[in-house]
Amino acid sequence: MPIHALIPSRTLLIAVDPDGSWSLADDGTPGSADVDFRLEITDDGGSGCLLVCASLDGQLAADHWFATLGEAQAFAADAFGVEVPEWGG
């Protein structure tokens, strides 16, 4: 799928649950750690796009569907603190 926007490496503070699921964490969250992620917004092959978050070590990944590139970038700004100028194409 074509990549519309890319951040090759971004450090995020996360917490990993025993079942392998993960979420963003706050400073002081027990068991939290800084993990380097690749963030990309790709075409979904249809009418929208996917924001894909994958740890550089290949252990963690998640994706979110959005109707537009702008919606995906707005979510990334809110969830990860990534501002539009940071995205490369």
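Note: the structure precedes this text.
Residues numbered from 1 in each chain as written. Predicted model: local features only at pLDDT ≥ 70, side-chain atom pairs only at ≥ 80, totals over all residues. Heavy atoms only, no water.

**Side note on the pairing of strand E5 (residues 61-66)**
Looking along a regular strand, one sees side chains alternate from face to face of the sheet.
Here's step 1: Sheet topology places strand E4 (residues 49-55) next to E5; six bridges connect them, and they run antiparallel. Residue pairing for E5: Cys49 is matched across the bridge by Phe66.
Here's step 2: Here E4 folds back onto E5, and the loop between the two strands holds five residues, one of which, Gly58, carries a positive phi near 80°. (Pairing = 2+ DSSP bridges. Helix = DSSP H or I, 4+ residues; strand = E, 2+ residues; numbered from the N terminus.)

**Considerations on helix H1 (residues 69-80)**
One turn of the α-helix equals 3.6 residues, which is why residues spaced by three or four share an orientation.
Here's step 1: Spanning twelve residues, H1 covers 16 Å between terminal C-alpha atoms, matching the ideal 16 Å at 1.5 Å per step.
Here's step 2: Of all the residues in H1, the buried ones are Ala72, Gln73, Ala76 and Phe80. Looking straight down H1, one finds that the buried residues subtend no more than 95° of arc, so they occupy a single side.
Here's step 3: In this fold, the buried residues of H1 make contact with strand E1 (3-16), strand E2 (22-24), strand E3 (32-43), E4 and E5.
Here's step 4: Trailing H1 by a residue or two, Gly81 shows a phi angle of about 75°, which is positive. (Expected span 1.5 Å × (residues − 1). Buried < 20%, exposed > 50% of the residue type's maximum accessible area, 1.4 Å probe, protein only. Arc of directions from axis to C-beta. Contact = heavy atoms within 4.5 Å.)

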